[in-house]
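# Examination of the molecular architecture
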Amino acid sequence: MMRSALGLAAVAAVIVGGASMFSVDQTEQAIVTQFGQPVRVITQSGLNFKIPFIQQVISLERRILDLESASIEAITSDQKRLVVDAFARYRIENPLRFFQATAGSTVRGNQQLGTFMDAALRRVLGESTFSQVVRDDRGGLMAKIRDQVNSEATGLGVSIVDIRIRRADLPDQNSQAVFRRMQTERQREAAELRAQGVEISDRIKAQADRTVTVTRAEADRIAREALGRGEAERTRLLAEAHQRNIEFFSFYRSLQAYETSLKNGDTRLVISPDNDFFQYLNSPSGKPRGAQ
């Protein structure tokens, strides 16, 4: 009987001893509660003890946690509607305060942080222009949102490591309107460029036509001057030849006249036989018969 009692006592001691010991991992921090009230905060990893069956242990993450925010709509200072998708990284710095604010529930903590972040997003974006959000000062705006959320999250015992805007787009209907406006603007620019191209082309063609006209006129003038000089030289040479031998020159000119008038193969001429045209045909010397 004594042995049975000792055995039961040993088993009970093992059970009680096992229930009174717990370990905290390096990635965790723990809060010991008694009847739902926190009595001890453990931030160091290792083996720890508690009152069995009376005290409970709630583990909290020591690592950086993620918070994914749902897409929200915000209106910028220049009255542009934006669909914003953001996320945050945070760490539980004060486990006791986090437990008191959220009852140790990370889900409840995420909900409260999400509310803070949505409010900060709307405030900061409402004070900024569309170009600042999408292009000019996005990094500065995210830092400003982080600071505002961090000041509000102090009451939850957490610190915000970073907040990032993953996406900031116009709503679908606005995107279509912007696309159509951009398309119209590009078409207008293309029409202006085409008109400028046609104007430049016409100006170049007119300049080329003017250059061609001037060049041809100059070439024609030079050709006429050369032709005039040639004709003058020809006339001078003919005059000199005529003065050297008048009879031969007259005979040569008559042969040229015969060749021109008879070269088509038609030898019929309606003319008086006594005409001077036939002077060399009527007489080899070209003189009238009575004068030979």
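Quick caveat, the model's predicted, so the values are computed rather than measured. (Residues numbered from 1 in each chain as written. Predicted model: local features only at pLDDT ≥ 70, side-chain atom pairs only at ≥ 80, totals over all residues. Heavy atoms only, no water.)

Turning our eyes to something else, we now look at the pattern of salt bridges. If you walk through the whole model with that rule in mind, you get 19 salt bridges. Between Glu 68 and Arg 166 there is a salt bridge, with its nearest N and O atoms 2.9 Å apart. On the criterion of sequence distance, the pair formed by Glu 68 in strand β6 (residues 65–68) and Arg 166 in strand β9 (residues 158–169) is long-range, its members being 98 residues apart. For Arg 166, a relative accessible area of 41% translates into the label partly exposed. Between Glu 127 and Lys 144 there is a salt bridge; the shortest N-O distance is 3.3 Å. In this pair, Glu 127 is assigned in the loop between α3 (106–126) and α4 (130–136) and Lys 144 in helix α5 (residues 138–153), connecting sequence segments 17 residues apart. Looking at Glu 127, the relative accessible area reads 54%, which means it is exposed. (Salt bridge = Lys/Arg side-chain N within 4 Å of Asp/Glu carboxyl O. Helix = DSSP H or I, 4+ residues; strand = E, 2+ residues; numbered from the N terminus. Buried < 20%, exposed > 50% of the residue type's maximum accessible area, 1.4 Å probe, protein only.)

Axis separation between α3 and α5 bottoms out at 9 Å; the angle between their running directions is 140 degrees. Relative to α5, the element α3 lies oblique. Between α3 and α5 the crossing geometry is right-handed. Together, Leu 113, Phe 116, Met 117, Ala 120, Leu 121, Arg 123, Val 124 and Leu 125 of α3 and Leu 141, Lys 144, Ile 145, Gln 148, Val 149, Glu 152 and Ala 153 of α5 make up the contact between the two elements. A per-class count over the contact of α3 with α5 returns 11 nonpolar, one polar and three charged. (Axes fitted to C-alpha atoms, helices over the stretch in contact; angles between N-to-C directions. Parallel < 35°, antiparallel > 145°, perpendicular 65-115°, else oblique. Left-handed = near helix turned anticlockwise from the far one by under 90°. Contact = heavy atoms within 4.5 Å. Nonpolar A, V, L, I, M, F, W, Y, C, P; charged D, E, K, R; others polar.)

For any pair of aromatic rings, the description rests on two quantities: the centre-to-centre distance and the angle between the ring planes. This model, assessed by the stated rule, comprises zero aromatic pairs. For the cation-ring pair, Lys 80 lies above Phe 130, with the distance from its terminal atom to the ring centre recorded as 5.2 Å. (Phe/Tyr/Trp six-rings, centres within 6.5 Å; stacked < 30°, edge-to-face > 60°. Lys NZ or Arg CZ within 6 Å of the ring centre and 35° of its normal.)

Take the nonpolar core next. By size, the foremost hydrophobic cluster in this structure holds 33 residues, and its most contacted members are Val 84, Leu 113, Leu 121, Ile 145 and Val 158. Of all elements in the fold, only β6, β7 (72–75), β8 (81–92), α2 (95–102), α3, α5 and β9 reach the threshold of two or more residues within this core. Contact partners of Ile 145, with chain neighbours within four places excluded, come to Ala 120, Leu 121, Val 124, Ile 163 and Ile 165. With five residues, the next largest nonpolar core counts Phe 22, Val 24, Ala 30 and Val 32 among its residues. (Core = buried A, V, L, I, M, F, W, Y, C linked by side-chain atoms within 4.5 Å.)

The next subject is unusual backbone geometry. In this structure, Gln 79 takes a positive phi of about 60 degrees despite not being glycine. Its location among the elements puts Gln 79 in the loop between β7 and β8. Note on Gln 79: relative accessible area 61%, which makes it exposed.

Moving on, we come to α2. Buried within α2 we find Pro 95, Phe 98, Phe 99 and Thr 102. One side of α2 holds all its buried residues, which, seen down the axis, span an arc of 100 degrees. Along its buried surface, α2 packs onto β2 (28–34), β3 (37–42), β5 (55–61), β8, α3 and β9. Count one or two residues on from α2 and you reach Ala 103, which has phi positive near 60 degrees. (Arc of directions from axis to C-beta.)

It is worth spelling out the sheet that holds β2 at this point. Taken in spatial order, the three strands make up an open sheet running β3-β2-β5, and their pairing is antiparallel. The sheet terminates laterally at β3 and β5, the two strands that pair on one side only. Within this sheet the neighbouring strands show an average axis-to-axis angle of 30 degrees, counted without direction. The sheet contacts of α2 involve β2, β3 and β5, and relative to β2 the element is tilted by about 60 degrees. (Pairing = 2+ DSSP bridges.)

Take the packing of α2 against α3 next. Orientation of α2 relative to α3, taken along the N-to-C sense of each, is 85 degrees, at an axis distance of 9 Å. Overall, the two elements α2 and α3 adopt an arrangement that is roughly perpendicular. Residues Phe 98, Ala 101 and Thr 102 of α2 form the contact with α3, whose own contacting residues are Thr 106, Arg 108, Gly 109 and Gln 112. The residue inventory of the contact of α2 with α3, partitioned by class, reads two nonpolar, four polar and one charged.

Below, the discussion takes up the environment of Val 83. Tracing the sequence through the fold places Val 83 in strand β8. The spatial distance from the C-alpha of Val 83 to the C-alpha of Ser 71 is 6.5 Å, given a sequence separation of 12 residues. If we ignore the near neighbours within four places in the chain, the residues touching Val 83 are Ser 71, Ile 72, Glu 73, Arg 167, Ala 168, Asp 169 and Pro 171.

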